[in-house]
Amino acid sequence: MFDTIMLLAMFLLSISVVIALYRVIKGPSIHDRILALDSIGYIVIGIVAVLSIMLDSHAYLETILLIGILAFLSTIALSKYMEGGVVNGRKSND
């Protein structure tokens, strides 16, 4: 029963990735696309977490942390770029 629930969770998370990819491709605005990319990052965290539970391994916990940090930083960088066009704060001489 537990394996069936885990497989169902993996299936639903995979469907969520497909829906988010559709939003990335057909998003009405760039902001929707950024949020969809952020959602894909967190869905991937869910997939890795379910995989870690299924395999009864703690080896994937560092991977979950790394994906979370990268998803957060990429969202901040894309949002800052959309706001002002400068990500790292340096001013150009143009």
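Residues numbered from 1 in each chain as written. Predicted model: local features only at pLDDT ≥ 70, side-chain atom pairs only at ≥ 80, totals over all residues. Heavy atoms only, no water.

1. A few points about the overall build of the protein
Which entries qualify depends on this criterion: Secondary structure elements are taken from DSSP: a helix is a run of H or I of four residues or more, a strand is a run of E of two residues or more, and numbering for both begins at the N terminus. Throughout this description, buried means an accessible area under 20% of the type-specific maximum (1.4 Å probe, protein chains only), exposed means over 50%, and partly exposed covers the range between. In what follows, residue pairs with any heavy atoms lying within 4.5 Å of each other are defined as contacts. In this description, accessible areas are obtained by the Shrake-Rupley approach with a 1.4 Å probe, and a residue is regarded as covered only by the protein chains that are shown.
Helix and strand counts for the protein stand at three helices and zero strands. Across the 94 residues that make up the protein, the buried fraction comes to 20%. Across the protein, contacts joining residues at least 24 apart in sequence account for 50% of those joining residues at least 6 apart. Element-wise, carbon and sulfur atoms account for 68% of the exposed surface of the protein, whose accessible area totals about 7100 Å².

2. What to know about the UniProt feature "transmembrane region" (unreviewed entry) in the protein
Worth spelling out the cut-off: UniProt positions are given in the numbering used here, feature names are shortened, and annotations may be inferred rather than shown by experiment.
Under the local residue numbering, the UniProt record ascribes the feature "transmembrane region" (unreviewed entry) to residues 6-25, 34-54 and 60-81. End C-alpha to end C-alpha, residues 6-25 measures 29 Å, and it is 100% helix and 0% strand. Segment residues 34-54 splits into 100% helix and 0% strand. End C-alpha atoms: 30 Å apart.

3. A closer look at the side chain of Asp 38
Applied cut-off: Nitrogen and oxygen atoms within 3.5 Å of one another constitute a polar contact, given that in protein one can donate a hydrogen and the other can accept it, and given that sequence-neighbouring residues count only through two side-chain atoms.
With respect to the helices, strands and loops of the structure, Asp 38 is situated in helix α2 (residues 30-55). Side-chain polar atoms of Asp 38 contact the side chain of Thr 75, separated by 2.8 Å. Residues in contact with Asp 38, not counting those within four places in the same chain, are Ala 71 and Thr 75.

4. What to know about the packing of helix α1 (residues 2-26) against α2
When two helices pack together, their arrangement is given by the angle between the helix axes and the distance between those axes. So the rule is basically this: Axis angles are defined between N-to-C directions and span 0 to 180 degrees, where every axis is a line fitted to C-alpha atoms and, for a helix, only to the segment in contact. Angle categories: roughly parallel below 35 degrees, roughly antiparallel above 145, roughly perpendicular from 65 to 115, and oblique for all the rest. In this scheme the handedness of a crossing depends on how the near helix is turned from the far one: anticlockwise by less than a right angle means left-handed, clockwise means right-handed. Under this grouping Gly is polar, as are all residues other than the nonpolar Ala, Val, Leu, Ile, Met, Phe, Trp, Tyr, Cys and Pro and the charged Asp, Glu, Lys and Arg.
The geometry of α1 relative to α2 is characterised by a closest axis approach of 9 Å and an angle of 165° between their N-to-C directions. In terms of their interaxial angle, α1 and α2 are classed as roughly antiparallel. The two elements α1 and α2 meet at a crossing, and its hand is left-handed. Taken together, the residues of the contact of α1 with α2 sort by class into 20 nonpolar, two polar and four charged.

5. Description of the packing of α2 against helix α3 (residues 61-84)
Between α2 and α3, the shortest axis-to-axis distance is 9 Å and the interhelical angle comes to 175°. Regarding the angle of α2 to α3, the classification is roughly antiparallel. Only Leu 61, Thr 63, Ile 64, Ile 67, Gly 68, Ala 71, Phe 72, Thr 75, Leu 78 and Met 82 of α3 make contact with α2, whose side of the interface consists of Ile 30, His 31, Ile 34, Leu 37, Asp 38, Gly 41, Tyr 42, Val 44, Ile 45, Val 48, Ala 49 and Ser 52. When its residues are assigned to classes, the contact of α2 with α3 shows 15 nonpolar, six polar and one charged.

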